[in-house]
Each structure stands twice: as C-alpha cells, then as structure tokens.
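So you can see what is in the structure, the chains are spelled out below.
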Amino acid sequence: MHITPTALLALFWILLIGWGFYALLQRHLRLDDQLTDIEAQLIIERHARAVAELALANTHLSLCQATKQQESVRESERQRIARDIHDDLGQNLLALKIDLQLMHVSTTGAHPLMTQKIDGMIGNLDNTIKSLRAIIYDLRPIVLEAGFQSAMEWQLSEFTRMHGIRHAFTADADALHAPEDAERDAMLYRIAQEALSNVARHAHATEVDIKLQRFGDMLTLRVQDNGVGMVQHGNGRGCGLPGMRERVRAIGGCFAIDSLPGSGVVLSVSIPLTVAFAAH
C-alpha cells in the first residue's frame, strides 16, 4: 500500500494536534488540581480567621466585663470610704465642734482671749468640715441617683460658683433617653469631674461647654474650654486622665484630647452602649 506525502503530512498534523490537545488537557487538569488546592487553603485560612476573630471578640468581651467589674468595685470602694469618713471622722469633728461651742459659751466674758482663740478654732473646724463634706461628695455623688443630667447640672453650677467660670450644658434627647446604666453614668460623671478640675487648675478659661450626644450605639461626652490650651501633650495637665483613657479604651470606647496653644482644649469621650454597659 502506497502512502502519499500528503497523507503523511495530514497524519503528522493530526498527531501534532492530538498531542497539543493532550498537553492542554493535562495542563487544565493540573490547573484544576491547583485551583482545588488553593480553594481548600482559602477555606482553611477563612476558618482560621473566623476562629481568630471569634477569639478576639471573646477576649474583648471579657476585657469589657472585667473593666466594668473593676469600675463597679472602684465605685463601691469609693462609697465605702465615703461612709467610713462620714460615720467616723465626720462624727468626731462634729462632736469636737459641739465641745468647742460649749467652751465658747462658758468662757464668754470671763476669758476674752480664750474666747477669741476658740472662735478661731471653731472657724477652722467649720472649714475642715466643709472640705470633708466636699471630699465625701466627690467620693459618693448622691446626686447621680437623680440621673446623669441632674448630676451634671449640679456639678456645673457648683463649678461656676466656686471658680467663676461660665458654663453651658446641652444634651441630645437621644442621649438622655439611652438605656439607664449606673456604671456608665458614674464613669462619664468622673471624666467630666476630672476635666472640669483641670480647667479650673490649668486652663485660665472664662467659659466651658459640655455636650452629651448619641451617634448610633455610641454615647459621646465633649468638654471644651476657651483657655490657653496645652503647650504640649503630656505637660502634666490632667494627671487623672491617662487612667480614664485606658479604662475607656478597654471597653471599646474612644478618648481624645485636642488642643492648640491659645485655643483651649477639647476633650471627647465616646462609649459604646451595646458592648460595654448593655448587661447587668
């Protein structure tokens, strides 16, 4: 049988094309295997990421609960100390004042110099009792029982009365209608207290403005003064604020201080309502 060159050429091209298809098929199968391996690896990585995110969320939740418990313990300890001071030292000072008043009555007219000295002692004792009452109130602000708004209004009125710095307080209706939480209110009250104390000591301000706002599930407290500002961060202004910053961040909140020399200070604290203080 005679095979023509044309048939040989056709057979060659058929074999070449068949080999080409076979090579492409092998490559396609290899790519499928590689793609399967990659998809399996992606599934493993996604699972690992989901496990890591769940562990991170659980850790954050545990940290929030621990911070909340710490704040609760701290408030309980403040109240215990306030009660001890009131029941022990306060009563002793009151008894001492009564004794001095009796001495004052018995020496009036007979011993003028002693009467004068006792008058001075009673005056100093009155100042001591006033300072003690202020310390007790700082430790246990009973006015918080009437709600955060009432507590802030009272604190600001006392701040203006004592330091002569004008104040303004505004609160969004949504913020005031947030779910009640004693620990959250106490934390915000303490932060405002520390911020006002810093304004009185360092700012040389004439006005302070406090705003309470709610943005979704975040409650934001903003304290702004028109004082001299901070020459540099960390200059000693607000020695109690670093601890507040850490506690706020531990519960998933945000703590920020913005200032330029001569333009006052803006302190902002945002606390999540649903994570940190949702459950009792």
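Residues numbered from 1 in each chain as written. Predicted model: local features only at pLDDT ≥ 70, side-chain atom pairs only at ≥ 80, totals over all residues. Heavy atoms only, no water.

A.B. asks: What should I look at first to understand the overall build of the chain in this one?
C.D. replies: When helices and strands are counted, the chain shows six helices and five strands. Listing every helix and strand of the chain by position from the N terminus yields α-α-α-β-α-α-β-β-α-β-β. Over its C-alpha trace the chain gives a radius of gyration of 36 Å, far above what one expects of a compact globule, namely 19 Å for 280 residues. Each of the three principal axes of the chain carries a C-alpha extent, and together these read 160 × 40 × 35 Å. Here the chain holds 280 residues, and 32% of them are scored as buried. (Helix = DSSP H or I, 4+ residues; strand = E, 2+ residues; numbered from the N terminus. Rg over C-alpha atoms; globule rule 2.2 N^0.38 Å. Buried < 20%, exposed > 50% of the residue type's maximum accessible area, 1.4 Å probe, protein only.)

A.B. asks: I tried to follow helix 6 (residues 241–250) on my own but got confused; where do I start?
C.D. replies: Helical periodicity: at 3.6 residues per turn, an α-helix aligns residues three or four positions apart in one direction. Within helix 6, burial applies to Leu241, Met244, Arg247, Val248 and Ala250. A positive backbone phi angle near 85° is found at Gly252, which sits one or two residues after helix 6.

A.B. asks: It is not clear to me how a nonpolar patch on the surface should be interpreted in this structure. Could you clarify?
C.D. replies: Together, Leu9, Phe12, Trp13, Leu16, Ile17, Trp19, Phe21, Tyr22 and Leu24 make up an exposed nonpolar region whose accessible area comes to about 1,100 Å². Overall, the relative accessible area of 57% leaves Phe21 in the exposed class. (Patch = residues over 30% accessible without salt bridge, like charges linked within 9 Å, V, L, I, M, F, W, Y side chains within 5 Å. Areas by Shrake-Rupley, 256 points an atom, 1.4 Å probe, with all protein chains shown as cover. Salt bridge = Lys/Arg side-chain N within 4 Å of Asp/Glu carboxyl O.)

A.B. asks: In this structure, what is going on with the confidence of the model for the chain? I would like to understand it.
C.D. replies: Do not read the predicted coordinates in detail wherever pLDDT is low. Put simply, the chain has an average pLDDT of 81, and 90% of its residues get 70 or more. Note that pLDDT drops below 50 for residues 276–280; the model gives that stretch 17 contacts with residues more than four away or on any other chain. (pLDDT = per-residue confidence, 0-100. Contact = heavy atoms within 4.5 Å.)

A.B. asks: When you look at helix 3 (residues 148–163) in this model, what are you seeing that I'm missing?
C.D. replies: Its 16 residues give helix 3 an end-to-end C-alpha distance of 22 Å, which sits within 8% of 22 Å, the value for a rise of 1.5 Å per residue. In the stretch just after helix 3, Gly164 is the one whose phi turns positive, near 70°. (Expected span 1.5 Å × (residues − 1).)

A.B. asks: I keep staring at the pairing of strand 4 (residues 254–259) and nothing clicks. Help me out?
C.D. replies: Looking along a regular strand, one sees the side chains alternate between the two faces of the sheet. Here strand 4 shows one buried face, formed by Phe255, Ile257 and Ser259, and one open face, formed by Cys254, Ala256 and Asp258. Two strands pair when backbone bridges link them, and strand 4 and strand 5 (residues 265–272) are joined in this way by six bridges, in the antiparallel orientation. Its bridge partner lying in strand 5, Asp258 is registered against Val266. If you look at the hairpin formed by strand 4 and strand 5, you'll find five residues sitting between the two strands, and Gly262 has a positive phi there, around 85°. (Pairing = 2+ DSSP bridges.)

A.B. asks: Any chance you could explain the packing of helix 5 (residues 182–203) against helix 6 here in plain terms?
C.D. replies: For any two helices packed against each other, one specifies the inter-axial angle together with the distance between the axes. Between helix 5 and helix 6, whose axes approach to 11 Å, the crossing angle comes to 155°. In terms of orientation, helix 5 lies roughly antiparallel with respect to helix 6. The two elements helix 5 and helix 6 cross, and the hand of that crossing is left-handed. On helix 6, the residues that touch Met187, Arg190, Ile191, Glu194 and Asn198 of helix 5 are Leu241, Met244, Arg247 and Val248. Within the contact of helix 5 with helix 6, the residues separate by chemical class into five nonpolar, one polar and three charged. (Axes fitted to C-alpha atoms, helices over the stretch in contact; angles between N-to-C directions. Parallel < 35°, antiparallel > 145°, perpendicular 65-115°, else oblique. Left-handed = near helix turned anticlockwise from the far one by under 90°. Nonpolar A, V, L, I, M, F, W, Y, C, P; charged D, E, K, R; others polar.)

A.B. asks: Could you clarify how one ought to interpret the sheet that holds strand 5 in this entry?
C.D. replies: Sheet strands line up and pair through hydrogen bonds in the backbone, either parallel or antiparallel. The strand order across the open sheet built from five strands is 1-2-3-5-4, with neighbouring strands paired in mixed fashion. The open sheet terminates on both sides in strands that have one partner only, identified here as strand 1 (166–171) and strand 4. When the angles between neighbouring strand axes are averaged without regard to direction, this sheet yields 10°. Where strand 2 (residues 207–215) meets strand 3 (residues 218–225), eight bridges bridge the pair, whose relative direction is antiparallel. If you follow Val208 over to strand 3, its bridge partner there is Asp225. Relative to strand 1, helix 3 is tilted by about 170°, and along the sheet it contacts strand 1, strand 2 and strand 3.

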